[in-house]
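# Coordinate inspection notes
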Amino acid sequence: MSLTKKPGGKALEILQNLPRITLANLRADPGTKKAEKKRGRGQHGGNRSGRGHKGERQRGNRPRLGFEGGQSPFYLSIPKYGYNDGHSRRPQYQPLSLKRLQYLIDLGRVDPTQPIDLTQLVNGRGLTIQPLKRDYGVQLVDEGADIFAAKVNIEVQMASEGTIAAIERNGGVITTGFYDPRSLTVLCKPVPFFLTGQPIPKRILPGENLVPYYTDAVNRGYLADPEKIQQARLALAKKYGYILPDISKDELYHMLSMRKDMRQIFFGLSPGWVVNMAEKKILKPVDKELLRYYNS
Amino acid sequence: MATSLLGRRTAIFCWAFRGILPTTSVLSDSFPRGILHQIANYNPKPLKLNLKDPYIPDKEGQKTPEWQKTLKYDRKLYGRYGSASGIDPEKLWPSPAKLEEIIAEEREWNPSLEVMLENIGAREKELAAKRLAKEKLIAANMAKMPKMVADWRKEKRDTKMKAREDKDKRARLLAEARERFGFAIDPRSARFQEMVGEIEKEERKKKKLMKRKLKIEQSLTPVAEAPAAST
């Protein structure tokens, strides 16, 4: 019998002979857990337990925050002005920094070899969108623009100029697209939507206040002219001082040039189709009127 | 690390580099040599569709609640069980009447892109026109300003001078009256007024005489010039 060394050696022997691990055998690393401070114990901490002497303070009956003993409180004496009018109805865009996007790509939670959509970001648990809380999508934020180094085809709802520059500098493509609240719910949670058995709705166009934003090539809007977008790309490269890479020479050119139609919610699925999850089938309408409605 | 973060919903790691393709369509020969591309495919929570023991309510039964006989519930049944639910797939899309309703609503509430762009253009034009008109008005008024300022200054100067002249005149008259009457007379009395009237008459006579003289001189000089010119 050859003298083969057992892998693990003495440590494995010890582990095998020790009793089973239970809560009774475990202890935290010294210094990680600090003892909780208990009120009302000891010569100095006891007696009134840090509550003071009599009155509302000791008896825990102090009035509400902001009360000034009957004097007109500050928060009521300042008159209202329209800064916050309708604040709860304003559209909100969840911020996504380029730093976080790079983090998600590096960890493999978001696939840069496929077009990145809000669905992909939510699937990778990159961010949480609440369409019912007046969220209208995601906005790209400049933080991490200096370290961003991923070539992606990304579609967001709003993007700042710096983020557009950062993405295009790395040879990527960015588009801003509008999703009305219903489409956004469908986009963020596709599977529960498919289980309801409804046909995929068509995206509604933005309202008049947002149409200028999405028809502008500077914002890479999905309603903008593609030629103007190309010009805007060159102008931005000049402004920020980088050489615009030619994506037509790229291997992933086909993927990078994939863009959604203005009524489309998912790549590869048209409005009007019903997705059958149980049998993994897609049903398409045949009726002329329905087709006319869904293709308009 | 990523696996522990995301729990049971993740963590099929596909190592994609040249030669080994993951389930996503990645161009294997496109990747440069030596770069590992790690993609965590989306591994979703298992869908508990319960296809073995589906509950499909009895449409005609009296005990089944009303909400289980609605179109919405039928669609949900189909969405969950597929053709095993026994629902006619035609019901999934809106009926012709409902579709017309939807189209009418959309026509009313969601105008087309062209219409919206027109509206925006019109509004912007209006605003621009207003702004232009205002600016023109301001420019015109500002152009008038130097003249108005000069006029105002002149007016001020004139009033001042006039006031000064009036004062001087009053002082002179008082002095004159004093000389004539020999004592300080109240300017409001009747004698003073008479005196003033007399002085004015004298002045007017003087002026008339002066005018006549000027006229005579003027009539003489053209006569003198004409013969000089003719000769």
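Residues numbered from 1 in each chain as written. Chains lettered and ligands numbered in written order. Predicted model: local features only at pLDDT ≥ 70, side-chain atom pairs only at ≥ 80, totals over all residues. Heavy atoms only, no water.

### A word on the environment of Tyr179(A)
All names here are of chain A. Put simply, the test is: In DSSP terms, a helix is any run of H or I states spanning at least four residues, a strand is any run of E spanning at least two, and both are numbered starting from the N terminus. For this analysis, residues touch if any pair of their heavy atoms sits within 4.5 Å. Pairs of N or O atoms within 3.5 Å make up the polar contacts considered here, provided that, within protein, one atom can donate a hydrogen while the other can accept it, and that residues adjacent in sequence are counted only when both atoms are side-chain atoms.
For Tyr 179, the location among the structural elements is in the loop between β5 (173-176) and α8 (181-188). Among residues more than four places away in sequence, those in contact with Tyr 179 are Asp 117, Tyr 136, Glu 155, Gln 157, Leu 184, Leu 187, Arg 203, Lys 260 and Ile 265. Side chain to side chain, Tyr 179 and Glu 155 meet in a polar contact 2.9 Å long. At 2.7 Å, the side chain of Tyr 179 and the side chain of Lys 260 are in polar contact.

### Let's talk about the sheet that holds strand β4 (residues 158-159) of chain A
Residue and element names in this part refer to chain A. Heads up, the condition is: When DSSP locates at least two bridges between a pair of strands, those strands are taken to pair.
One open sheet accounts for 3 strands, arranged β1-β2-β4; its pairing is parallel. Two strands close off the open sheet at either side, each with one partner strand: β1 (92-97) and β4. Note: β1 against strand β2 (residues 135-141), 6 bridges, orientation parallel. Looking across to β2, one finds that Ser 97 is bridged to Val 141.

### Overview of the side chain of Asn153(A)
Residues and elements named next belong to chain A. Test applied: Working definition: with a 1.4 Å probe on protein chains only, accessible area under 20% of the residue-type maximum means buried, over 50% means exposed, and in between means partly exposed.
Inspection of the secondary structure assignment puts Asn 153 in strand β3 (residues 153-156). For Asn 153, a relative accessible area of 4% gives the class buried. At 3.3 Å, the side chain of Asn 153 and the backbone oxygen of Leu 256 are in polar contact. Non-local contacts of Asn 153, meaning those with residues more than four positions away in its chain, are made with Pro 115, Ile 116, Val 173, Met 255, Leu 256 and Met 258.

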